Amino acid sequence: MEATLPAVAEELLKEIKKAFQETSHVPDDLLLALKFVFGSSAVAALDLVDQHSVTRIVSPRGRAVYQVLGSSGKLYTCYTSCHFCTCPAFAFSVLRKHDSLVCKHILAMYLSQATGACQELSVSDQQLASILLAEEKEEGLGTVR
């Protein structure tokens, strides 16, 4: 089952995509709405999009994940199917405290899709598996304790 954002967030992202396709920019009223819905993550996510920090990594079988180069210089892996990011802010602010809908990396992923600013990298199935396994090991999930 694929996770979904609240309807207001989904609709806002659709409006941003539509406006960007028509005018090549995001109007101020939608930027304000973005800040209202997503809070402090909005400005940071827009910065990541401006820096072209989002890459969609896709395998020949159509499997895809996103990697976002965070402001710290670290790569975080984001999964659209479950709105999950490997960053510490996601674990703390989204999962633990429930302060935010998403972290700035996931929001940057959605905004880069809406504005066409997402880079694309085609890799083999094995390379994608290696990316995911490396992430798992880095997070300490790959070892039995």
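Sequence order sets the numbering: in each chain, residues are counted from 1 along the sequence as written. Where local features are concerned, this predicted model is filtered to residues with pLDDT of at least 70; where side-chain atom pairs are given and counted, the filter is 80 or more; whole-chain, interface and lining totals use all residues. Hydrogens and water molecules were not included; the side-chain quantities draw on all heavy atoms of the structure.

If you look the protein up in an unreviewed UniProt entry, it shows as E3 ubiquitin-protein ligase HECTD1 from Platysternon megacephalum.

## Remarks on the nonpolar core
Here the nonpolar core consists of buried residues drawn from Ala, Val, Leu, Ile, Met, Phe, Trp, Tyr and Cys, with membership extended through side-chain atoms lying within 4.5 Å. Per-residue accessibility, obtained with a 1.4 Å probe over protein chains only, is compared with the maximum for each type, and a residue is labelled buried under 20%, exposed over 50%, and partly exposed between these values. By size, the foremost hydrophobic cluster in this structure holds 33 residues, and its most contacted members are Ile16, Leu34, Phe38, Cys85, Ile106, Leu107 and Leu111. Segments assigned H or I by DSSP are reported as helices when at least four residues long, segments assigned E as strands when at least two residues long, and all are numbered from the N terminus. In terms of residues, this core owes the most to one element, helix H5 (residues 104-115), which gives seven residues. The contact criterion used is simple: two residues touch if any of their non-hydrogen atoms lie within 4.5 Å. Ignoring anything within four residues of it in the chain, the contact list for Phe38 reads Ala9, Leu12, Leu101, Val102 and Leu107.

## Quick notes on helix H2 (residues 28-38)
Among the residues of H2, Leu30, Leu34 and Phe38 are the ones counted as buried. Projected down its long axis, H2 shows its buried positions confined to an angular sector of 50°, all on one face. Exposed side chains of H2 directed beyond 90 degrees from the buried face belong to Asp28, Asp29, Leu32 and Phe36. Here the buried face of H2 lies against helix H1 (7-23), helix H3 (41-50) and H5. Remark: Gly39 follows H2 within two positions and exhibits a positive phi of approximately 65°. Arc definition: directions from the helix axis to the C-beta atoms.

## With respect to the side chain of His83
Here His83 is to be found in the loop between strand S3 (75-79) and strand S4 (84-85). For His83, a relative accessible area of 9% corresponds to the buried category. Here a polar contact means two N or O atoms within 3.5 Å. Within protein one must be a hydrogen donor candidate and the other an acceptor candidate, and residues neighboring in sequence count only if both atoms are side-chain atoms. A polar contact of 3.5 Å, which involves the side chain of His83, links it to the backbone nitrogen of Leu5. Separated by 2.5 Å, the side chains of His83 and Tyr110 make a polar contact.

## So, the packing of aromatic side chains
Between rings of Phe, Tyr and Trp, where Trp is taken as its six-membered ring, a pair exists when centres lie within 6.5 Å; planes separated by under 30 degrees are stacked, by over 60 edge-to-face, and by other angles tilted. Using the criterion set out here, one finds two aromatic pairs in the structure. Plain terms: the ring middles of Tyr79 and Phe84 are 6.3 Å apart, the flat faces sit at 40° to each other, and that makes the pair tilted. The class for Tyr79 is partly exposed, based on a relative accessible area of 22%. Of the residues examined, Phe84 reaches a relative accessible area of 31% and is grouped as partly exposed. A centroid spacing of 5.2 Å and a plane angle of 80° characterise the contact between Phe84 and Phe90, whose relative ring orientation is edge-to-face. Three or more aromatic residues link up through ring pairs in this structure, and these residues are Tyr79, Phe84 and Phe90.

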